[in-house]
Amino acid sequence: MKNSAMLLVLFTTVFLFVLTALAFTNIGFRWMFILTVIGQLLVVLMVYKVLRDKYTTDKTFEDFYEDYPIGRE
């Protein structure tokens, strides 16, 4: 994936963790609602960007996990 897609994944993840932490504070309902809607839109945008990314690889299912090859030494 390109850096732009990964940066969006990182930003969305951090945003949602901060939003979860804010739920335990005395933040107003209006702000919490607005931030939740923004978080949902970020998740939709993130999924779209990751799925539409022009990432290709030469790996196949035969490669399985690179750190634990099965059947090949």
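Here, every reference points to the structure presented above.
Residues numbered from 1 in each chain as written. Predicted model: local features only at pLDDT ≥ 70, side-chain atom pairs only at ≥ 80, totals over all residues. Heavy atoms only, no water.

Our focus in this paragraph is the overall build of the protein. The number of helices and strands found in the protein is two helices and zero strands. Counting over 73 residues, the protein shows a buried share of 15%. Of the roughly 6700 Å² that the protein leaves accessible, carbon and sulfur atoms contribute 67%. (Helix = DSSP H or I, 4+ residues; strand = E, 2+ residues; numbered from the N terminus. Buried < 20%, exposed > 50% of the residue type's maximum accessible area, 1.4 Å probe, protein only. Areas by Shrake-Rupley, 256 points an atom, 1.4 Å probe, with all protein chains shown as cover.)

Below, the discussion takes up the packing of aromatic side chains. Throughout the structure, instances matching the rule amount to two aromatic pairs. Here the aromatic rings of Phe29 and Phe33 are separated by 6.2 Å at their centres, their planes lie at 25°, and the arrangement is stacked. Placement of the pair is Phe29 and Phe33 together in helix 2 (residues 29-52), with a separation of four residues, close to one helical turn. (Phe/Tyr/Trp six-rings, centres within 6.5 Å; stacked < 30°, edge-to-face > 60°.)

With that settled, the discussion passes to a nonpolar patch on the surface. Judged by side-chain polarity, Ile27, Phe29, Trp31, Phe33, Ile34, Val37, Ile38 and Leu41 come together as a nonpolar surface patch covering roughly 820 Å² of accessible area. Mapped onto the elements of the fold, Val37 is located in helix 2. (Patch = residues over 30% accessible without salt bridge, like charges linked within 9 Å, V, L, I, M, F, W, Y side chains within 5 Å. Salt bridge = Lys/Arg side-chain N within 4 Å of Asp/Glu carboxyl O.)

Turning our attention to helix 2. With 24 residues, helix 2 should reach 34 Å at 1.5 Å per residue; the first-to-last C-alpha distance of 35 Å fits that figure. Of all the positions in helix 2, only Met32, Leu35, Gly39, Leu42 and Met46 are classed as buried. (Expected span 1.5 Å × (residues − 1).)

This part is about the nonpolar core. One finds Leu8, Phe15, Leu19, Met32, Leu35, Leu42 and Met46 forming the largest nonpolar core, which totals seven residues. For this core, the secondary structure elements donating two or more residues are helix 1 (3-22) and helix 2. Ranked by residue count, the leading element in this core is helix 2, at four residues. For Leu35, the residues in contact, after removing those within four places along its chain, are Phe15, Leu19, Leu22 and Ile27. (Core = buried A, V, L, I, M, F, W, Y, C linked by side-chain atoms within 4.5 Å. Contact = heavy atoms within 4.5 Å.)

What follows is about the environment of Asp53. Tracing the chain through its elements places Asp53 in the segment after helix 2. Under the relative-accessibility criterion, Asp53 is labelled buried at 15%. A sequence separation of 48 residues divides Asp53 from Ala5, and the C-alpha atoms of the two residues are 7.3 Å apart.

Turning our attention to the side chain of Thr12. Mapped onto the elements, Thr12 comes out in helix 1. The exposure class of Thr12 is buried, given its relative accessible area of 1%. Excluding residues that lie within four positions of it along the chain, Thr12 makes contacts with Leu42, Val43 and Met46.

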